[in-house]
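Observations on the three-dimensional arrangement
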Amino acid sequence: MADVHRETAATLGFEAKLWQAADALRNNMDAAEYKHVVLGLIFLKYISDAFESKHAELEAHKMEGADPEDPDEYRAVSIFWVPKEARWSHLKSKAPQPEIGKLVDDAMAAIERDNPTLKSVLPKDYARPGLDKQRLGQLINLVSDIGLGNPTDRAKDTLGRVYEYFLAQFASSEGKKGGQFYTPSRVVRVLVEILAPYKGRVYDPCCGSGGMFVSSEKFIEAHSGKLGDISIYGQESNYTTWRLSKMNLAIRGIDAQIAHGDSFHNDHHPDLKADYVLANPPFNDSDWRGELLKEDKRWVYGVPPPGNANFAWVEHFVHHLAPTGMAGFVLANGSMSSNQSGEGEIRKAMIEADLVDCMVALPGQLFYSTQIPVCLWFLTKTKKNGRFRDRRGETLFIDARKMGSMVDRVHRELTDEDIAKIAGTYHAWRGDTGAGDYVDVPGFSMAAKLDDIRKHGHVLTPGRYVGPEAVEDDGEPFEEKMKRLTATRREQQAEAAKLDAAIAANMKELGYGG
């Protein structure tokens, strides 16, 4: 959405224009369906550009024994081998022809054949009758102008950014009908900035299009780390979304183990103990077949109700945490206070086990798929690990509900300053080196003791703890202020009585007097 637009306008500036052009070619096709058509082509262009660049380099060194047609030359440097029939230059030359749909399908199949890691990932239904071939040709010409295939453009990660921008736009277009595959980038950034996953294993068992991983890698790069400092593990139950995530990560050059399947019933990483869990599970999922898992070993803090998967996700995250691991995730606000179906008991057990490190209440309207306000949970397996201050028995509450600004009629987003303030507050409280001293700020943050949370019945809503904002003393003595306010109230009452009388008189003149 607009956040991506603003973010990229300074460095690229053409995504919005490109989106408008691509959207114009959508015609009557549903956004959910068109998404795969466009994103598949962007992916194909990306791997073809990377391939062509390496191809040219090898061509220049042929005299020294380099072979531009040897697939191993490319695989050795983590570039996908692109067979001749799948190269973008070939497809672009055929774009005006009616058989272009079949040619794209053949190209996708050839790439999957020669690159096993992409098996079953790429869309291969461009030849279907419902897809207008003239518009498909126009779309190929449009995508041809992205990236230009030179090293400067790849350094700016042009296609990766276009892919991300388009993901966000499709999430917005699908709105409440879809969009669950995408977590707004500003929400992901809060999670990543707070957890600061520099090194180790990062896990997201409901990874959608892979935004948590892309953001984690960006964080590492921004803090002078290098790709590969983290190992990535993910799982996604929706097949088409799983394909989106595979492409999203491949386009970014991120090596990840992303499995397809239901994390509750078919956990593909059963022995994984992650240093960081980052996730945005489906809100209040009532169809997770929990009744089949009543005896599961993951439910250490209580059996989650079959009618709502929120706490099943939370316990799944905790189960996969390493002894010093931390988790940050998004949940619906009800998770902070619900006492239905045993949820309150699970939350209480987790609080008493001192797992809850920080709670952040976010403003509403941040998501494309729902308008409901959400919160962020941060759990840690130990609050005394030598890296940070010993904060056993403490939990930080942050109320960020007043943050963010509207970017259109129905969507809000957090600003860079908002994100820095939330993360900075947490890091100061945790005792990170150089983060400064932490102090409670009425109306915004408060460090609470376990006893405080007990007094609130183990409810974790930040508003209960941070209290109202401090009001600045205006210097007017209390007695004088009361006299002034009382006089104002009398004047207003008198004015109201006059207005009532005038309205009654007018009504009487119109024949409606009592």
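First, a word on scope: everything that follows refers to the structure included in this document. Please read all numbers here as calculations on a predicted model, not as lab measurements. (Residues numbered from 1 in each chain as written. Predicted model: local features only at pLDDT ≥ 70, side-chain atom pairs only at ≥ 80, totals over all residues. Heavy atoms only, no water.)

A look at the pairing of strand 3 (residues 256-260)
Sheet topology note: the strand 2 (residues 230-236)/strand 3 ladder contains five bridges and is parallel. Bridge pairing links Glu236 to His260 in strand 3. Remark: the strand 2/helix 12 (residues 239-251)/strand 3 crossover connection has right-handed handedness. (Pairing = 2+ DSSP bridges. Helix = DSSP H or I, 4+ residues; strand = E, 2+ residues; numbered from the N terminus. Right-handed = clockwise from strand over helix to strand, strands pointing away.)

Observations regarding the environment of Ala168
With respect to the helices and strands, the residue Ala168 is situated in helix 9 (residues 158-174). Along the backbone, Ala168 and Pro184 are 16 residues apart, and their C-alpha atoms lie at a distance of 7.4 Å.

Some details on the nonpolar core
Ranked by internal contacts, the top residues of the largest apolar core, which has 107 residues, are Tyr34, Leu41, Ile42, Phe43, Phe166, Val360 and Leu376. When residues of this core are assigned to their parent elements, the largest contribution, 14 residues, is made by helix 3 (residues 31-60). Excluding residues within four positions of it along the chain, Phe43 makes contact with Phe80, Leu118, Leu122, Met247, Ala250 and Ile251. (Core = buried A, V, L, I, M, F, W, Y, C linked by side-chain atoms within 4.5 Å. Buried < 20%, exposed > 50% of the residue type's maximum accessible area, 1.4 Å probe, protein only. Contact = heavy atoms within 4.5 Å.)

Quick look at the packing of aromatic side chains
Under the definition given, this model contains 18 aromatic pairs. Ring geometry for Phe317 and Phe329: centres 4.9 Å apart, planes at 50°, overall tilted. Taken together, the positions of Phe317 in helix 13 (residues 310-319) and Phe329 in strand 5 (residues 321-332) put the pair twelve residues apart, joining distant regions of the chain. In this structure Phe317 comes out as buried when scored by relative accessible area, which is 0%. Ring geometry for Phe397 versus Tyr465: centroids 3.9 Å apart, planes at 10°, classification stacked. Placement of the pair is Phe397 in strand 8 (residues 394-399) and Tyr465 in helix 17 (residues 462-466), with a sequence separation of 68 residues. Summarising the burial analysis for this pair, Phe397 and Tyr465 share the class buried. In this structure an aromatic cluster arises from ring pairing among Phe264, Trp288, Trp299, Phe311, Trp313, Phe317, Phe329 and Trp377. Sitting above the plane of the Trp81 ring, Arg87 keeps its charged end 5.5 Å from the centroid. Between the NZ or CZ atom of Lys421 and the centre of the ring of Phe444, over which it lies, the distance is 4.2 Å. (Phe/Tyr/Trp six-rings, centres within 6.5 Å; stacked < 30°, edge-to-face > 60°. Lys NZ or Arg CZ within 6 Å of the ring centre and 35° of its normal.)

A word on the pairing of strand 1 (residues 200-204)
Note: strand 1 against strand 2, five bridges, orientation parallel. Note on strand 2: the bridge partner recorded for Arg201 is Ser231. Summarising the sheet, strand 1 and strand 4 (residues 274-279) pair through two bridges and their orientation is parallel. By the bridge assignment, Tyr203 is partnered in strand 4 with Val277.

Looking at a nonpolar patch on the surface
A cluster of nonpolar side chains, contributed by Leu499, Ile503, Met507, Leu510 and Tyr512, occupies part of the molecular surface with about 570 Å² of accessible area. Here Leu499 shows up in helix 18 (residues 478-509). (Patch = residues over 30% accessible without salt bridge, like charges linked within 9 Å, V, L, I, M, F, W, Y side chains within 5 Å. Areas by Shrake-Rupley, 256 points an atom, 1.4 Å probe, with all protein chains shown as cover. Salt bridge = Lys/Arg side-chain N within 4 Å of Asp/Glu carboxyl O.)

Observations concerning the packing of helix 10 (residues 185-195) against helix 15 (residues 416-430)
Put simply, helix 10 and helix 15 touch, their axes get as near as 9 Å, and they point 25° apart. Taken together, the axis directions place helix 10 and helix 15 in an arrangement best described as roughly parallel. Crossing of helix 10 over helix 15 shows right-handed handedness. Listed contacts from helix 15 to Arg186, Arg189, Val190, Glu193 and Ile194 of helix 10 are Asp416, Ile419, Ile422, Ala423, Tyr426, His427 and Arg430. (Axes fitted to C-alpha atoms, helices over the stretch in contact; angles between N-to-C directions. Parallel < 35°, antiparallel > 145°, perpendicular 65-115°, else oblique. Left-handed = near helix turned anticlockwise from the far one by under 90°.)

Quick notes on the side chain of Asp204
Note on placement: Asp204 falls in strand 1. Buried charge without a partner: Asp204 forms no salt bridge, and the closest opposite charge is Arg298, 13 Å away. Looking at Asp204, its side chain comes within polar contact range of the main-chain nitrogen of Cys206, at 3.0 Å. Not counting residues within four places of it along the chain, the set of residues in contact with Asp204 comprises Met212, Phe213, Tyr233, Gly234, Gln235, Leu278 and Ala279. (Lys, Arg positive; Asp, Glu negative; His and termini not counted. Polar contact = N/O pair within 3.5 Å; in protein donor to acceptor, adjacent residues only side chain to side chain.)

So, helix 18
Because an α-helix completes one turn every 3.6 residues, residues spaced three or four positions apart along the sequence face the same direction. The end-to-end C-alpha distance of helix 18, which contains 32 residues, comes to 47 Å, matching closely the 46 Å that a straight helix rising 1.5 Å per residue would cover. One or two steps after helix 18, the chain reaches Gly511, where phi turns positive at roughly 90°. (Expected span 1.5 Å × (residues − 1).)

Description of the layout of surface pockets
Of the volumes computed, that of the second largest pocket is approximately 740 Å³. What lines the second largest pocket is a set of 26 residues, among which Ser78, Ile79, Phe80, Thr117 and Ala250 lie closest to the centre. Put simply, the parts of the chain that give the lining of the second largest pocket at least two residues each are helix 3, helix 12 and strand 3. Sorting elements by how many residues they give to the lining of the second largest pocket places helix 3 first, with six residues. Residues belonging to the lining of the second largest pocket are distributed by class as follows: 14 nonpolar, six polar and six charged. (1 Å grid on protein atoms, 1.4 Å probe; cavity = no way out; pocket = protein on both sides within 12 Å on 5 of 7 lines; lining within 4 Å. Points joined across faces, edges and corners; volume = space filled by probe spheres on them. Nonpolar A, V, L, I, M, F, W, Y, C, P; charged D, E, K, R; others polar.)

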